[in-house]
Amino acid sequence: MKLSSLFEKNQNKAPVISIEIFPPKDPDFNIKKTNLYKELDELNSHFKPSLISITYGAGGSTCENSNVLAKEIKENCGFDIVMPHFTCVCSSKDLIERHLSEIKEYKIENILALRGDEPKDIDVCYKDFKYASDLVDFIKNKTDFEIAVAGYPEGHILSESLNEDIKHLKTKVNNGASAIFTQFFFENEKFYNYLELLDKNKINLPVCAGILPVISYEGLLRMIRLSGIKLSNKAKCHFEKWQNSKEDTIKAGIEWASQQVEDLAKNNVSGIHFYTLNKAYSTIEILKNTKFIH
């Protein structure tokens, strides 16, 4: 199923639920022997997400694993839509075409097109693409894949402003995007303000709200630093209070995200996208707590 069909089918219903995972580092992994398989099986036994997206490392460093994982999940885990990530930093047109051809053989129909993080161990490398909009344009003109893109409710860390970032998003949309999956955020008001700005800029695609179930205080600080996201004093105090207890931090993450998800569902968002960090427990508990999602 393609993205447009999924959102059209789900119109006027509960939000589309999607999750994001990352591939094992071992290139010779067997999906059924990994902890990830157990986590996905546990998630599916409680709530079957409509879509699973699969990331890979800076500069496409785990792209081969991601493509194999997409195939394994599609064949063994029962997800309706498997959506691999494609990044363009350090990627050539030939490389992108080869990977597109590979996942097409796996009968995958959707991708998430991103600029990607720059690898730390080499100088910035731009080959045939500089921006995600270039990648969207290339794929749209070469294939019949449906393309999702990233949105940033607080602006991309490298953008001068949120308005500047939305201009870049508009280019991605004009070049052929079908849906927007946002970076995680912790205050829903920022997401609703973002939707208003998209509407003013005549961006009318389905927007999936990114939710990060916090499982580690140190991990939270690291991800905030890398993304440029700002925590409100309320959110900071909520997580800081339990920073020395892993168990309590997980509980605090579930509590915060549950309130977010319930409010988002109540306000009829198109979709909710969980950054699971390859762990099912928190996402399951959040969905259990959300009366608008069954």
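Whatever comes next refers back to the structure up there.
Being a predicted model, the structure only gives us computed values, none of them experimental. (Residues numbered from 1 in each chain as written. Predicted model: local features only at pLDDT ≥ 70, side-chain atom pairs only at ≥ 80, totals over all residues. Heavy atoms only, no water.)

Q: Requested: an account of helix H11 (residues 281–289), with residues and values cited.
A: Within the span of H11, buried status applies to Ser282, Thr283, Ile284, Glu285, Ile286 and Leu287. Where H11 is buried, its residues meet strand E1 (16–21), helix H2 (35–46), helix H10 (246–266) and strand E8 (271–275). (Buried < 20%, exposed > 50% of the residue type's maximum accessible area, 1.4 Å probe, protein only. Helix = DSSP H or I, 4+ residues; strand = E, 2+ residues; numbered from the N terminus. Contact = heavy atoms within 4.5 Å.)

Q: Explain the packing of aromatic side chains to me, and be specific about the residues and the numbers.
A: The final tally for this structure, using the stated rule, is 7 aromatic pairs. A ring pair is formed by phenylalanine 184 and phenylalanine 186, whose centres lie 5.9 Å apart and whose planes are at 70°; its orientation type is edge-to-face. With a centroid separation of 6.0 Å and an interplanar angle of 50°, the aromatic rings of phenylalanine 239 and tryptophan 256 are classed as tilted. Of the two residues, phenylalanine 239 is situated in helix H9 (residues 233–240) and tryptophan 256 in helix H10; the sequence distance between them amounts to 17 residues. For the pair phenylalanine 239 and tryptophan 256, one class covers both residues: buried. Feature note: the residues Phe184, Phe186, Phe239, Trp256 and Tyr275 constitute an aromatic cluster, connected by ring pairs. (Phe/Tyr/Trp six-rings, centres within 6.5 Å; stacked < 30°, edge-to-face > 60°.)

Q: Quick rundown of the pairing of strand E5 (residues 146–151)? Include the residues and the values.
A: Of all 6 residues in E5, 6 are buried, a share of seventy percent or more. Of the two faces of E5, the one carrying Glu146, Ala148 and Ala150 and the one carrying Ile147, Val149 and Gly151 are both buried. Of the strand pairs in this sheet, strand E4 (residues 110–114) and E5 are connected by 4 bridges, and their pairing is parallel. Bridging across to E5, asparagine 110 finds its partner in glutamate 146. Following the backbone out of E5, through helix H6 (residues 162–174) and into the adjacent parallel strand E6 (residues 177–184), one traces a crossover that is right-handed. (Pairing = 2+ DSSP bridges. Right-handed = clockwise from strand over helix to strand, strands pointing away.)

Q: Just give me the short version of the pairing of E1, but keep the residues and values in it.
A: For E1, the tally of buried residues reaches 6 of 6 residues, placing the bulk of the element in the interior. In E1, alternate side chains face the same way, and those of Val16, Ser18 and Glu20 on one face and Ile17, Ile19 and Ile21 on the other are all buried. Taken together, the 5 bridges between E1 and E8 define a ladder with parallel strand orientation. Its bridge partner lying in E8, isoleucine 19 is registered against phenylalanine 274.

Q: Before we move on, could you go through the packing of helix H7 (residues 188–200) against H10 and cite the residues and values that matter?
A: Closest axis-to-axis distance for the H7/H10 pair is 10 Å, and the angle between their directions is 30°. Accordingly, the angle class assigned to the pair H7 and H10 is roughly parallel. Across from Asn188, Phe191 and Tyr192 in H7, the residues of H10 making contact are Gln260, Asp263 and Leu264. When grouped by side-chain class, the residues that make up the contact of H7 with H10 number 3 nonpolar, 2 polar and 1 charged. (Axes fitted to C-alpha atoms, helices over the stretch in contact; angles between N-to-C directions. Parallel < 35°, antiparallel > 145°, perpendicular 65-115°, else oblique. Nonpolar A, V, L, I, M, F, W, Y, C, P; charged D, E, K, R; others polar.)

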